[in-house]
Each structure stands twice: as C-alpha cells, then as structure tokens.
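# Observations on chain architecture
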2 protein chains.
Amino acid sequence: MNELKGACLLAQSGGPTSVINASLYGAVKAALADGRITRVLGAAHGVKGILDDVLWDLGKEDPQELSYLPNTPSSILGSCRYKLADPAKDDKDYRRILEIFKKYDIRYFFYIGGNDSMDTCDKVSRFMASSGWDCRVMGIPKTIDNDLNGTDHCPGFASAAKFIATSCMEMSRDAGVYDYPTATVVEIMGRNAGWLAGSAALATLRGDGPDLVYLPEVPFDLQAFYKRAGEVLERKGNLFVAVSEGIRDKNGVFITEYASKGAEGKDAFGHVQLGGLAVWLANELNKTFGIKTRGVELSLLQRCGAHLASRRDIDEAMEAGKRAVEAALAGENGKMAAYTRETVNGEAVTGYALVPLTEAANFEKKVPVEWILPDGAGVTQEFVDYVLPLIQGDCGRTTVDGLPRFTKLKQIRA
Amino acid sequence: MNELKGACLLAQSGGPTSVINASLYGAVKAALADGRITRVLGAAHGVKGILDDVLWDLGKEDPQELSYLPNTPSSILGSCRYKLADPAKDDKDYRRILEIFKKYDIRYFFYIGGNDSMDTCDKVSRFMASSGWDCRVMGIPKTIDNDLNGTDHCPGFASAAKFIATSCMEMSRDAGVYDYPTATVVEIMGRNAGWLAGSAALATLRGDGPDLVYLPEVPFDLQAFYKRAGEVLERKGNLFVAVSEGIRDKNGVFITEYASKGAEGKDAFGHVQLGGLAVWLANELNKTFGIKTRGVELSLLQRCGAHLASRRDIDEAMEAGKRAVEAALAGENGKMAAYTRETVNGEAVTGYALVPLTEAANFEKKVPVEWILPDGAGVTQEFVDYVLPLIQGDCGRTTVDGLPRFTKLKQIRA
C-alpha cells in the first residue's frame, strides 16, 4: 500500500493564524519532493473549494514565492466555515467530494484546521474508505485558541501568545504613564479556553503586564472584580486588566451580554460575534471609580501579527505539515499530526506523534483550573512554564522597504 | 556665556510614543558627557514633577539599564496633561518653577513633547529671562501625529506609521480570507491630522492594504462612502477600510458623534475621548449591505508598538535629544531641535536644525490637501514618497526569553 500513486490535495479551514501557511509550506515541500505524488493541488476556501471544483495547481507556483509562506499570515488558500452534514443523514456533499477526488485522481488529502476541520477530515476519511476509493486523509492542526485535544499545544497558539504578551508589556508602559489614576482593559480572544488570555500574564511576570488577568474557565464576578480593581488603584494609582472575550458569570452568562444590554436591550455594537467587552468594562470602571479608562480589543491583530510570530511555532508548524505528508506516504490514514512535550537536559522540546482524528475532533481542551490562581485573577507558574518555551525565537521574516514580504499566488487552476 | 555651569533638567510630556525615550537617552548621554553640566535630573510626570518637587537623579542610574531606553516605549519619566497659565494673567506656577530651578541650580531645561509642550517650554524660557535667572530652555519634539510645525517630520511618527502599515498588511490577509463577503474597518489615531491614517496606504501600495483610506483633512460623506464601499464589494467580494478617528462631515461634525448617538442619544461607549468609530462604521456597513463586518481600533498599540519601531526614527530621536543639549551648551535658548529633509544622491536623508519654540507651538501641521486623492479615499504618491523613507530599518531591540527588555529606573530622588 505504500506505493499508492496519485494527486495530493491540501486545504485550509477555520480562523486564520500567523503560521497556518507554514504548515501548508511544510506539506507542499514534502509532497513536491516525493515521486508517488503526481500533482500537488490546493482547494480554494477549504472544503468549499472542493465542492465548487476550484482547485489550484501549487506545483506551478514559483518556489521562491512559496518560500515566503512561513512568514505570511492568514490562510493563503482561503478559508471557510462550511460544516459538512452527518453522512448518515445526508451524504450529498461526500459524494461530490468523491467525484472531485476521482476527477483529479486525488489519493492524498490534507486538511489544516481546528476542531471542526478535524471532524470534517474524519468524516471524509470514513466516507472514502466505505466507498472503496483508496485515499489517505490526514489532519494538520491549527488554532490560536490552543484547545485541540490529543496534542501538547497547537500550531498558531504560541505566536498569538507572543503577540499578546509583547503588546501587554508595551501597553502597560503606556497605561500608567500619567500622573492621574487611569484604568486600561484589554480584551483577548478565546471564547471557551483561556490559553491566550492567560498568556498576558507572561508580561506580568516581567513586571510590565496586567495587574489582573481573567480566563473563561472560572466564573467572573463583577463585584469581586471591582473590589480587586479598587485595591490595585489604591496601591499603585492605575490599573491594567486583561480579560478573555469569553468570561461569563456563575450562571454561564457571557459578560459581553451585559455589554450588549448596555443601551436598553440594544446591541451597542451591532455585531453578533463577541467583542466590545473591553470598552464596556472600561466604561463600568469609569462609572465606579470616576477615573479615566480605556478599553482595547486586540481583535484580528493577535491572530495575524506574523511579524511577532514565534520561530519555534513556525518551525513546528512546518514540521507538522511535513510529517503529515510523510505519514500518509507511509500508509497512515485518518490521523492528525500532533505535538508531544519531551524534556531534554531540563529543556522542554517538542516531539511529534500521530493521533486518531476522532481524538482531536469536537473536544475543547481548556486551561486546567489548578493553573488558575484561587482568586481567578491570574495564572500559576505552571501555566507560565507551559507557555514560555513555546514563544522563543524571532520570526526571521523577509522585509522589503521596511514592510513584510508576503507570498502572492498565481492561482493557476488545476 | 558658553561657560554656564549647573544642573540639567529633563522632562517628558503629552501622549507617549515608541521613541520618546530614545530622545531622552540621546539628551542624557550628551549631558552626562559634558563637564559644564553638574547633574542630570529628570522630572516625574513632566512639569507637574517640577511643581511638586519630584526630581530623579538620572546620573545615579545604571548606564546598562539606560541603554535599553531607545527600545523602551512610552515616557519613562512619566507624562502629564497639565497646561501652564498665561504668565501675564497668573505667574504662580512660573514662580514655583523658578524656585525649584534655583533650589537645584538648574541652568539647562529640556522638555520633550508636542504642541502644548513647546508652548510651555517657550513660556518657561521667557519667564526665566524676565526673572534674570540664567537658564537655557530647549524643546525636543515628539508626537505620533506628525503635526508639529517647523520640522520636516516628528520623532515617533515613523514608528507609529510603520506599525500601522505592517498591521494593515497583516489584517488585509485576514480580512479577506473567507468565501463570503465581509467588511473590516480599522480606526487610526490622528484627530486633526491624517498623517497616520494616510500611512495605512503604504500597505495598499504593496497590494495588501485598505481599499479605502479616509483622512480628517477632507470632509467625510457617509453616502459617498457607502457608494464606494458597494463598488469595492462588487469588484472583489470583500472590503477593508482605514479611517482616521478624526473624520468629520462637511459641517465639521465628528463621525464619532454620529456613533455616540447610535443608541437614542446615549453614548454607546461611555468615554469622551474619540473611539468606537470603527465599530460603529462596521455596524452601519452591516446594516447597509447585510454582510459580516468587523471594527478594529488600533488604539494604544500604534503609539507603543516599540517592537516595530523604525530604526531611522529611533536614531533620529536620539540625535534630536543630543543636538538640543549640544545647542544649549553652545549658548542657544528658546529653540526646538528640528528635522530638515535633504536629498543626497536621490535619497531622502534627515538634516538637523534649530527653530524658535514659538514657530512650533500651538500650530497643527496637516496633510497637504493636494496629497489626498480627489475622491478623498486615499493618498497620492507624494504622500508615500514622504513617509516611506522614514519607516526604514529594524528596531534592533534586546529581548529576554522572547520578550522585550525595557529600562527600569531606580528613581533616586535628587
């Protein structure tokens, strides 16, 4: 079975990260290098590009141009939020995918994405097996949220964490600069998992970070928050707070829902996705303490800030892509390339493994509650020891005239 | 008069930048190196620290620690927004400043700041002269807004511009990643001058930037904006817009005031400073086109993002500080260190000059209207040619464990 010849198809899905194109690059290079793979194709906008038969021939791209992929943020093939139906209920999409796979003789399929993508990957893998089409389907993880099961950490997380910690160090110098009391609230992504919000505490560890850091894993109590805020203001004259967009009260109500009720039930911000929490909390602090406050939402910057990407994250993401291709060529199927944490001379280094897609799919890995301080306003040294090794190394990006050099694809249809 | 001996006092004022500490470092090094200056003092929180007699002896700081200043964002001495009265009406503060100057034998005073600070500087200079206290008062410019008169550009502007252009390139990759139409609006600082908003167009020049860029110098028409937005959405399926926080309609009404009226006259954001514009515009685009939209406010990040500072900006800021000290030692008084633009073998290089403080004070230099496109939705090549040379060079920061190394002062009272 190791002699399976045919085309290879790659696709990207879900929210972008700073290194999802590094995984793509690692996979594309490995695929182009192996004689068993006849063509290396990329699907436009994830599984949607397969259904719509929009495939690009990545083998026809300029290798020099492709070499900028590891430092090019977001998903260069495009992304989608399309969720495939349960094949037991409706297999129309799967039959269409099989049709496209047959049309291009696709024998290797690699899907780079998060929870849902690994689920999609698993369903496609099973359908191909049941339909008798010899095809190896592998998942390559990506998510800034770091909430994928079966892997020590996720490609993309460390770079977002590094952006957050660095930005918090910088903002903390700005937030306390005046001679009058101020409060600054920074809102960080992570609806259910606090890996990113907790990373703001790396700045605190350096003496230049948030005084209070709140994760979604533990209930957020507004009155307790005001009490802690008052203590910090009393002690140092200004306050810097980091909150996850997903913090919720003991009844599970998102604090952003308080925010959206701010103006007589109207959504003061008009968009359904989370956001506006920082500004609302800053506003409440202003009303409570009568001081100048500011809300800052890191928003897209934290997931596309490739200029601050961790070198280790980039290298690991490329390796994950490469290993997924090599494993498929060796006969593996229905697995996800995963990271393990090894200790070599006291240093935390990353090992590589394969886990069943089912293990990674549809499960959110959260921050262990014992890694969150008892008062819920910070993280423990264990959390810091987990994250800090992952953010090491400069991204080593190419710049032209002081600005980044990103990959531009010719997008030649297959 | 060139033999004037005594202490030197430095202070920082106004909004922080990424390189205001580089100017401080250039001035401190020059002052410590000259025998005529007996002590090098820093005032806590600008002129407030003088009035409150909170001065630090910078000569007692560790030189190695001071060497991190050029890459340390915000104002390390602290800042203030305190405006001195007109001495003709009320000279109480001035008499107090004179008292402090006499107490510490301060013969050299350097104030690093923007418009208002140069005005303060000028008033102090005149009061010292009229009171017969032999003291040389010099201004060192600083402002991300680049709106100071009498200088080709301002220390701090280029680094903010580089952060904005880089972030816009990165966000443009993220903003257009999905297969469905989306609109992203990014809000940039600059209440009256569009130098920073216009810098987003550097990203557009690279093919990865905002489709539409709006500066405060020309009136903003909401209906014309929707028309242009619709055209872009029609053409490429998604939209990326950059707006200055200060855009206003033909009657001079800030568009943010429309935003604050968004919820039946209530301020939906609860803070008086500008902000919330991006989210409001995104919301309006959502209502107008029925597409997914997102508002992003660069907020503090653009003025404290020292990790993306322009090397040229850092070097020039240090040089401005150094030259102000050298000029004062040579007998100059009541002047501001300024930049000129020279052309050497076709390259734009910075020259240095001294201008009267009165020339820089209380005047906002705006973007020439002829550098803004006729439709008001972008800038000309002249604008790009002005900004691009200024953002060159990597900041060359020191990092420890992947995070920046900032200066920490011992703050030893004088």
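Residues numbered from 1 in each chain as written. Chains lettered and ligands numbered in written order. Predicted model: local features only at pLDDT ≥ 70, side-chain atom pairs only at ≥ 80, totals over all residues. Heavy atoms only, no water.

## What to know about the nonpolar core
One finds Met171 and Ile188 of chain A together with Met171 and Ile188 of chain B to be the most contacted residues of the largest nonpolar core, which totals 92 residues. If sequence neighbours within four positions are ignored, isoleucine 188 of chain B has contacts with Ile164, Leu196, Ala197, Ala200, Ala242, Val243, Ser244, Glu245, Leu298 and Gln302 of chain B. (Core = buried A, V, L, I, M, F, W, Y, C linked by side-chain atoms within 4.5 Å. Buried < 20%, exposed > 50% of the residue type's maximum accessible area, 1.4 Å probe, protein only. Contact = heavy atoms within 4.5 Å.)

## Quick word on the sheet that holds strand E9 (residues 292–297) of chain A
Residue and element names in this part refer to chain A. Strand order in this open sheet of 4 strands is E7-E8-E6-E9, and the pairing throughout is parallel. Because the sheet does not close on itself, it has two edges, and the strands there are strand E7 (212–214) and E9. For this sheet the average axis-to-axis angle between neighbouring strands, irrespective of direction, equals 15°. Inspection of the sheet shows strand E6 (residues 182–188) paired to strand E8 (residues 238–244) by 7 bridges, in the parallel sense. By the bridge assignment for E8, isoleucine 188 is matched with serine 244. On top of the sheet, helix H9 (residues 222–236) reaches E6, E7 and E8; it is set at about 145° to E8, its chief contact. Taken strand by strand, helix H11 (residues 277–289) contacts E6, E8 and E9, and its axis lies near 170° from that of E9. (Pairing = 2+ DSSP bridges. Helix = DSSP H or I, 4+ residues; strand = E, 2+ residues; numbered from the N terminus. Axes fitted to C-alpha atoms, helices over the stretch in contact; angles between N-to-C directions.)

## A few points about the domain arrangement of chain A
All names here are of chain A. Entries for chain A in the domain assignment read domain 1 (6–144 + 306–363 + 394–404) and domain 2 (157–304). In this structure, domain 1 and domain 2 have C-alpha centres spaced 34 Å apart. Taken together, the contacts link 15 residues of domain 1 with 11 residues of domain 2. For the pair domain 1 and domain 2, the two sides together bury roughly 1,100 Å², of which 59% comes from carbon and sulfur. Counting every contact that joins domain 1 to domain 2 gives 0 salt bridges. Across the contact surface, domain 1 and domain 2 share 4 residue pairs in polar contact (both at pLDDT 80 or more). (Domains from an automatic or database assignment. Buried area = accessible area lost by both parts, 1.4 Å probe. Salt bridge = Lys/Arg side-chain N within 4 Å of Asp/Glu carboxyl O. Polar contact = N/O pair within 3.5 Å; in protein donor to acceptor, adjacent residues only side chain to side chain.)

## A short note on the sheet that holds strand E11 (residues 347–356) of chain A
Residue and element names in this part refer to chain A. Strand order in this open sheet of 7 strands is E3-E2-E1-E4-E5-E10-E11, and the pairing throughout is mixed. Only two strands of the sheet have a single neighbouring strand rather than two, namely strand E3 (55–57) and E11. Averaged over all neighbouring strand pairs, the angle between strand axes comes to 30°, with direction disregarded. Bridge analysis of strand E5 (residues 136–141) against strand E10 (residues 335–344) gives 2 bridges, and the strand direction is parallel.

## Structural notes on the pairing of strand E1 (residues 6–12) of chain A
Residues and elements named next belong to chain A. By the criterion of burial, E1 is predominantly enclosed, with 7 of the 7 residues buried. Bridge analysis of E1 against strand E2 (residues 37–43) gives 4 bridges, and the strand direction is parallel. By the bridge assignment for E2, leucine 10 is matched with glycine 42. Running through helix H1 (residues 20–32), the crossover from E1 to the neighbouring parallel element E2 is right-handed. Bridge count between E1 and strand E4 (residues 106–113): 6 bridges; the pairing is parallel. Bridge pairing in E4 links cysteine 8 to tyrosine 108. (Right-handed = clockwise from strand over helix to strand, strands pointing away.)

## A word on unusual backbone geometry
Residue aspartate 53 of chain A is not a glycine yet carries a positive backbone phi of 55°. With respect to the helices and strands, the residue aspartate 53 of chain A is situated in the loop between helix H2 (47–51) and E3.

## Considering the packing of aromatic side chains
For the structure on display, the rule yields 32 aromatic pairs over all chains. Their ring planes at 85° and their centres at 5.6 Å tell us that tyrosine 214 of chain A and phenylalanine 225 of chain A sit as a pair that is edge-to-face. On the criterion of sequence distance, the pair formed by tyrosine 214 of chain A in strand E7 and phenylalanine 225 of chain A in helix H9 is long-range, its members being 11 residues apart. Pairing tyrosine 339 of chain B with tyrosine 352 of chain B gives two aromatic rings, centres 5.6 Å apart and planes at 85°, and the pair type is edge-to-face. Taken together, the positions of tyrosine 339 of chain B in strand E10 (residues 335–344) and tyrosine 352 of chain B in strand E11 (residues 347–356) put the pair 13 residues apart, joining distant regions of the chain. Exposure remark for tyrosine 352 of chain B: the relative accessible area of 27% places this residue in the partly exposed category. Grouped by ring-pair contacts, the aromatic residues Phe157, Trp195, Trp371, Phe383 and Tyr386 of chain A constitute a single cluster. Seen from the ring of tryptophan 133 of chain A, arginine 107 of chain A lies directly overhead, with NZ or CZ sitting 3.6 Å from the centre. (Phe/Tyr/Trp six-rings, centres within 6.5 Å; stacked < 30°, edge-to-face > 60°. Lys NZ or Arg CZ within 6 Å of the ring centre and 35° of its normal.)

## A closer look at the interface of chain A and chain B
Across the boundary between the two partners, chain A contributes 71 residues, which contact 71 residues of chain B. Here chain A meets chain B over a buried area of about 6,100 Å², counting both sides, of which 56% is carbon and sulfur. Linking chain A with chain B are 6 salt bridges, by the criterion used here. Residue aspartate 174 of chain B is joined to arginine 303 of chain A by a salt bridge in which the shortest nitrogen-to-oxygen separation is 2.6 Å. On inspection of chain A and its partner chain B, the count reaches 29 residue pairs in polar contact (both at pLDDT 80 or more). Residue assignment for the side of chain A that touches chain B shows that the elements contributing at least two residues are helix H6 (157–175), H11, E9, helix H12 (301–304) and strand E13 (403–404) of chain A. Looking at the side of chain A that touches chain B, the element that brings in the most residues is H6 of chain A, giving 9 residues. The residue makeup of the side of chain A that touches chain B, split by class, is 29 nonpolar, 24 polar and 18 charged. (Nonpolar A, V, L, I, M, F, W, Y, C, P; charged D, E, K, R; others polar.)

## What to know about the relation of the copies chain A and chain B
Of the transformation superimposing chain A on chain B, the axial component is 0.0 Å and the angular component is 180°, with the fit at an RMSD of 0.0 Å. Both copies of the chain, as the preceding transformation shows, are related through a two-fold rotation axis. By residue overlap, the copies meet face to face through one surface: 100% of the interface positions of chain A are interface positions in chain B. (Least-squares fit on C-alpha atoms with pLDDT ≥ 70 in both.)

## Quick look at H6 of chain A
In this model, H6 of chain A (19 residues) spans 26 Å end to end at C-alpha, consistent with the 27 Å of a helix rising 1.5 Å per residue. Here H6 of chain A lies mainly inside the structure; 19 of its 19 residues are buried. (Expected span 1.5 Å × (residues − 1).)

## With respect to the environment of arginine 235 of chain A
Residues and elements named next belong to chain A. Of note, arginine 235 is situated in helix H9. With a relative accessible area of 61%, arginine 235 lands in the exposed category. Once the C-alpha coordinates of arginine 235 and asparagine 21 are considered, the two residues, 214 residues apart in sequence, prove to be 45 Å apart.

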